[in-house]
Amino acid sequence: MPTPIIDAVDIVKDYGANRALHGVSLQVGAGEFVALVGPSGCGKTTLLKILAGFEDPTDGGLKIQGKDMRGVPAAARPTRMVFQKLALFPHKSVADNIGFPLKLQKVDAPTVKERVRAMLDLMHLKPEYLDRFPAQLSGGEQQRVALARALVSQPSVLLLDEPMSALDAKLKKSLQAELKKLHREIGTSFVLVTHDLEEAMMLADRICVMRGGNVVQIGTPTDIYYRPANMFVAGFIGETNFLPVDVARKGDAATVSSPLVEGQPTDMPADHISPDLTDKGPALLVRPETIRFVTGDPEPGLWVLNGMVDEFFIKGSSTQYRIRVSGLDAPLVMDLPGSIVLPAEVGQAVRVAFDPSRAFLLSE
Amino acid sequence: MKIERKSWTDPVLIGSVTPLAAVMLFFFVIPLVMTTVLTFQTTQYYRLAWTWDLTIWTEIFSKPHYWTIMLRTVSMALICVVLSVLIAYPCAYALATRLKTYSTQIQILIIFAFLTDAVLKTFGWILVLDNNGVLNWLLAKVGFPPETLNLLYTPTATMIGMLYNLAVYPMFTIYLSLMRIDRDLILASYDAGASRLRTFFEVTLPLSKPGLYSGAVLVFVLSLGAFLEPRVLGGGTSPMASELIRQSFETRVNWPLGAALTIVLIVIGALTLAAFGFFTLRRKATKGGAA
């Protein structure tokens, strides 16, 4: 990566006796869109606040645009934040809200007006909104005003703290698409905090998955989805299956077997093994869409499990089955392409199969 | 679904409105009407005479003495509003932002002081402000000549007493306003590049205006009717309206005059509040409406 805009090294943050961040490092390149993802309390918001300058790190170094940010207040940083609850000033009009950062930079009034108008156009807001107050706008419009206020002074980094968490699903989808387009158009670096990995995968160039104040994995959406570091990252993406396996390692290669299945021990391809693989609870990550019903003898190389249909859900384009398999704690989830004829009923004994070499070997 | 027609004979409506209407009628409207009616009578040989004329009103409008006192009352009230807000705002601000850890304890102490009988507290100030009182004793201790300040029985003493008794109202209204301000708004202002001072004037102060205004109105209304402080600490040398009204009723036994002065005071108070409301509302309207 060329010189990063944000260079955070071993950031530690303590709140009293509580350690919120255990030495987190993160680089964000110019024009890059990075998402910080994790469950609540994982430290993602704390890290964002440290980047914004609202919190001081207990230890560690932070450079933004090559400049040390120690002791630099939020007001003097080249970052702008979009808050979770937007934090639009209720007593200022839309024009005054958007123009506020420029007014503070002592930009002359006609230029402020011009740039506020330009932001309004960029955000697809109507010019007659200028004199309105935030409370008179809809949720999506407020969102756009908040973005406009954050971007009007052309920051080098835009920080977004779950700005879309309060919106309904449909509006969220359209704003996500707009945000991605906006990022492409203006070329500012974006750092988005979200607990929704799907949102992060849609928007970000790189995703930083956090847990308990540590970075679990940093990678592209493809990395995160197809090569998750461990079960935590894989489970975060959505419904998936973990099949406990026995692993025999020979150097980088690994052979997996399981007493729960009918099938031969299988050699895993090198790129289907997590680099973070440990001895602790090794399992195969089997995606729901890779499992099929089988009757009779399956093709060689497949692993077969015997079970009983626990429940099924018709989702339209797909049908989801949950299969209870003895020896597995959670029912096996499988997604089949939707069809008019249901392949199995609840309570029916079934055989399901998947190709273990197409699965992904990881550990807890 | 049948849409219910609300009419004045609707028993539910009557039932729910009656208690409040009765209270307002018996304790507000009727006394006010009686007071007004009283102003058109006169007193003869210490007895009320039902003359139905404008004698009293002629007297009030022809004697500048009354208006001097009214003017003094209103200006004392306005000064008291300004000073109490100036005292209360920093206290409330400190309580809401800096002293969060102890804010409950401090509030309890303030409430204790507030609930202590006002008469007691006001007489307490005599001990402080007297020529041989605590204040002069302290000043003498640090090197000032004896009896440096002769505050007792002056309008200054009245003002000190009023401030002591009334500043707690805006302190609490402003405190509540400040507590309602979302911390993110302050951060958003810093984030946009504003200094602490700028943030205070751009965000904190405008958003605490509701508390500021309601506190100011409370102090104004209460200080217009201030009775205790001018009497105990002001010593009657520069009486305020309430003292004048008391004298008219008690000493001069001139009920119509007392009633008329009461009406004058109420009207002055109402007009001041209306003017205040008019200006603040109009400023809001020119800024673009509902905010």
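As the structure is a prediction and not an experimental result, all values here were calculated from the model.

The rules behind each value
Residues numbered from 1 in each chain as written. Chains lettered and ligands numbered in written order. Predicted model: local features only at pLDDT ≥ 70, side-chain atom pairs only at ≥ 80, totals over all residues. Heavy atoms only, no water. Pairing = 2+ DSSP bridges. Helix = DSSP H or I, 4+ residues; strand = E, 2+ residues; numbered from the N terminus. Axes fitted to C-alpha atoms, helices over the stretch in contact; angles between N-to-C directions. UniProt positions renumbered as here; feature names shortened; annotations may be inferred. Core = buried A, V, L, I, M, F, W, Y, C linked by side-chain atoms within 4.5 Å. Buried < 20%, exposed > 50% of the residue type's maximum accessible area, 1.4 Å probe, protein only. Contact = heavy atoms within 4.5 Å. Phe/Tyr/Trp six-rings, centres within 6.5 Å; stacked < 30°, edge-to-face > 60°. Lys NZ or Arg CZ within 6 Å of the ring centre and 35° of its normal. Right-handed = clockwise from strand over helix to strand, strands pointing away. Expected span 1.5 Å × (residues − 1). Parallel < 35°, antiparallel > 145°, perpendicular 65-115°, else oblique. Nonpolar A, V, L, I, M, F, W, Y, C, P; charged D, E, K, R; others polar.

**Focus on the sheet that holds strand β12 (residues 246-250) of chain A**
Residues and elements named next belong to chain A.
At step 1: Taken in spatial order, the three strands line up as β12-β13-β14 in an open sheet, and their pairing is antiparallel. The sheet is open, and its two borders are formed by β12 and β14 (266-268), each paired with just one other strand. Averaged over neighbouring strand pairs, the angle between their axes works out to 30° when direction is ignored.
At step 2: As judged from the five bridges shared by β12 and strand β13 (residues 253-257), these two strands associate in the antiparallel manner. Each bridged residue has a counterpart across the sheet, and for Asp246 the counterpart in β13 is Ser257.

**Some words on the UniProt feature "domain: ABC transmembrane type-1" (unreviewed entry) in chain B**
At step 1: Here, the residues flagged by UniProt with the feature "domain: ABC transmembrane type-1" (unreviewed entry) are residues 70-276 of chain B.
At step 2: Helix and strand shares over residues 70-276 of chain B are 78% and 0% respectively, and the end C-alpha atoms of the span are 19 Å apart.

**Some words on the UniProt feature "transmembrane region" (unreviewed entry) in chain B**
Residues and elements named next belong to chain B.
At step 1: Taking the UniProt record as the reference, the feature "transmembrane region" (unreviewed entry) is found at residues 12-34, 74-96, 108-128, 157-178, 211-228 and 257-281.
At step 2: Secondary structure content for residues 157-178 is 95% helix and 0% strand, while the C-alpha to C-alpha distance between its ends is 31 Å.
At step 3: Along residues 211-228 the backbone is 83% helical and 0% strand, and the end-to-end C-alpha distance reaches 26 Å.

**Some words on the nonpolar core**
At step 1: Within the largest apolar cluster, 88 residues are counted, with the highest numbers of intra-cluster contacts made by Ile6, Leu62, Leu159 and Val191 of chain A together with Ile60 and Leu261 of chain B.
At step 2: Sorting elements by how many residues they give to this core places helix α3 (residues 64-98) of chain B first, with 14 residues.
At step 3: Discounting residues that sit within four places of it in the chain, Leu159 of chain A has contacts with Leu48, Leu51, Ala52, Thr79, Arg80, Met81, Val82 and Val191 of chain A.
At step 4: By size, the runner-up hydrophobic cluster in this structure holds 47 residues, among which are Met119, Leu197, Ala200 and Ile207 of chain A.

**Section: the packing of aromatic side chains**
At step 1: Summed over all chains, the structure comprises 19 aromatic pairs over all chains.
At step 2: Aromatic side chains Phe33 of chain A and Phe190 of chain A sit 5.2 Å apart centroid to centroid with 50° between the ring planes, which places their arrangement in the tilted category. Of the two residues, Phe33 of chain A is situated in strand β3 (residues 33-37) and Phe190 of chain A in strand β8 (residues 189-194); the sequence distance between them amounts to 157 residues.
At step 3: Measuring from centroid to centroid gives 5.5 Å for Tyr93 of chain B and Phe200 of chain B, while their planes differ by 85°, and the two rings are edge-to-face. Of the two residues, Tyr93 of chain B is situated in helix α3 and Phe200 of chain B in helix α10 (residues 196-207); the sequence distance between them amounts to 107 residues.
At step 4: Given a relative accessible area of 24%, Tyr93 of chain B falls into the partly exposed group.
At step 5: Each residue in the set Tyr89, Tyr93, Phe200 and Phe201 of chain B is aromatic and connected to the rest through ring pairs, giving one cluster.
At step 6: The ring of Tyr15 of chain A has Lys13 of chain A sitting right over it, with the charged end atom 5.2 Å from the ring centre.
At step 7: Positioned above the aromatic ring of Tyr225 of chain A, the side-chain terminus of Arg287 of chain A is 3.9 Å from the ring centre.

**Quick look at the pairing of strand β7 (residues 157-161) of chain A**
All names here are of chain A.
At step 1: Most of β7 sits out of view: five of its five residues are buried.
At step 2: The alternating pattern of β7 places Val157, Leu159 and Asp161 on one face and Leu158 and Leu160 on the opposite face, and all of these are buried.
At step 3: Taken together, β7, helix α5 (residues 169-186) and β8 form a β-α-β motif whose crossover is right-handed.

**Description of helix α4 (residues 103-115) of chain B**
At step 1: The first and last C-alpha atoms of α4 of chain B sit 18 Å apart over 13 residues, in line with the 18 Å expected at 1.5 Å per residue.
At step 2: Buried residues belonging to α4 of chain B abut α3 and α8 (168-180) of chain B.

**Focus on the sheet that holds strand β15 (residues 283-286) of chain A**
All names here are of chain A.
At step 1: The sheet built from three strands is open, its strands ordered β11-β15-β21 with antiparallel pairing. Looking at which strands have only one partner, the edges of the open sheet turn out to be β11 (241-244) and β21 (360-362). For this sheet, the mean inter-axis angle between neighbouring strands, taken without regard to orientation, is 35°.
At step 2: As paired strands, β11 and β15 are joined by four bridges and run antiparallel to one another. Bridging from a neighbouring strand, Pro244 pairs with Ala283 of β15.

**Some words on the packing of helix α2 (residues 55-62) of chain B against α3 of chain B**
Residue and element names in this part refer to chain B.
At step 1: Where α2 contacts α3, the two axes come as close as 5 Å, and the packing angle between them is 70°. Here α2 lies roughly perpendicular to α3, going by the angle between them. Residues Glu59, Ile60, Phe61 and Ser62 of α2 lie in contact with α3, whose contacting residues are Pro64, Tyr66 and Trp67.
At step 2: Here the contact of α2 with α3 is composed, by residue class, of five nonpolar, one polar and one charged.

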